[in-house]
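Examining the three-dimensional arrangement
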Amino acid sequence: IVTRDDVEESLKGVWQYVKDEEQLLKDLHSQIEETEQRFSAKQAERDYWLEYKNVGSKIQAEKIMDLEKNIEQVKDNHQRSKEHYRNALKATKEEKDRLVEAHMKLCKEQAPENAIKYLDKNSRREVKENEWLKEEVKIYQKEVSDLKASIQLLEEENTNLVTKLIDTKLENLRV
């Protein structure tokens, strides 16, 4: 038996879970923004070194190449992180939707039981009697269908006997 407090506690748990997931989403967005800022900083540094390279510094050319590799790695890491966070967000949303759906289904199943608990004694008795009457109607309907089938068989048998009787009387008349 699930009480109203249990349902409320379950709802609070689900809502807390949703809030936690939303906070996780905010954290993920902030991490993406931070990565984009680092990317912008690396891009600016790359531009600076490219300008320096064009001026003619051969010694710094290797540093520029390393920084370009670094930038590519940061881009790759950013893309992978972005994809990972997107997949994590999608999975989290699906899990949240599944949990909410399951909880709603449970609430719908428990709603009639909870409603009956809060009814007065006479109303509860009427509900039980109604359920009993429904069962009795099913039983009587089955008996009626059985009786109809028996009647059908008896009518067929009676028709056959009358036919035989008429045939016999016709035979006797001929004789």
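Residues numbered from 1 in each chain as written. Predicted model: local features only at pLDDT ≥ 70, side-chain atom pairs only at ≥ 80, totals over all residues. Heavy atoms only, no water.

Section: the overall build of the protein chain
The condition that has to hold: Helix and strand assignments follow DSSP, with helices taken as H or I runs no shorter than four residues and strands as E runs no shorter than two, numbered in order from the N terminus. Two things to know: the radius of gyration comes from C-alpha atoms, and the globule rule equals 2.2 Å times the number of residues to the power 0.38. Between buried and exposed lies partly exposed: a residue is buried under 20% and exposed over 50% of the maximum accessible area for its type, with that area taken using a 1.4 Å probe on protein chains only. In this analysis, two residues are considered to be in contact whenever any of their non-hydrogen atoms come within 4.5 Å of each other. Accessible surface is estimated by sampling points in the Shrake-Rupley manner with a 1.4 Å probe; for residues, cover comes only from the protein chains shown. Only four residue types enter the charge count: Lys and Arg as positive, Asp and Glu as negative, with His and the chain ends excluded. Think of each charge as sitting on NZ of Lys, CZ of Arg, CG of Asp or CD of Glu.
Helix and strand content of the protein chain: three helices and zero strands. Starting at the N terminus and ending at the C terminus, the protein chain contains elements arranged as α-α-α. By the compact-globule yardstick of 16 Å for 175 residues, the protein chain is too spread out, its C-alpha radius of gyration being 41 Å. In terms of its C-alpha atoms, the protein chain occupies a principal-axis envelope of roughly 140 × 60 × 15 Å. For the protein chain, with 175 residues in total, the buried portion stands at 11%. Relative to all contacts within the protein chain whose residues are 6 or more apart in sequence, the contacts with residues 24 or more apart total 70%. Surface exposure of the protein chain reaches about 14900 Å², of which carbon and sulfur atoms provide 55%. The average position of the 33 basic charges and that of the 39 acidic charges among the side chains of the protein chain differ by 2 Å.

Here we look at the confidence of the model for the protein chain
Basically, it comes down to this: The predictor attaches a confidence to each residue, called pLDDT, with possible values from 0 through 100.
Across the protein chain, the average pLDDT comes to 89, with 95% of residues at 70 or higher. Confidence scores differ between elements of the protein chain, with helix α2 (residues 61–117) showing the lowest mean pLDDT of 88 and helix α3 (residues 121–174) the highest of 92.

Quick look at the pattern of salt bridges
Applied cut-off: We define a salt bridge as a side-chain nitrogen of Lys or Arg found within 4 Å of a carboxyl oxygen belonging to Asp or Glu.
Within the structure shown, the criterion is met by eight salt bridges. We note a salt bridge from E83 to R86, for which the minimum N-O separation is 3.2 Å. Taken together, the positions of E83 and R86, both in helix α2 and three residues apart, correspond to about one turn of that helix. Take E83: its relative accessible area is 34%, and that puts it in the partly exposed class.

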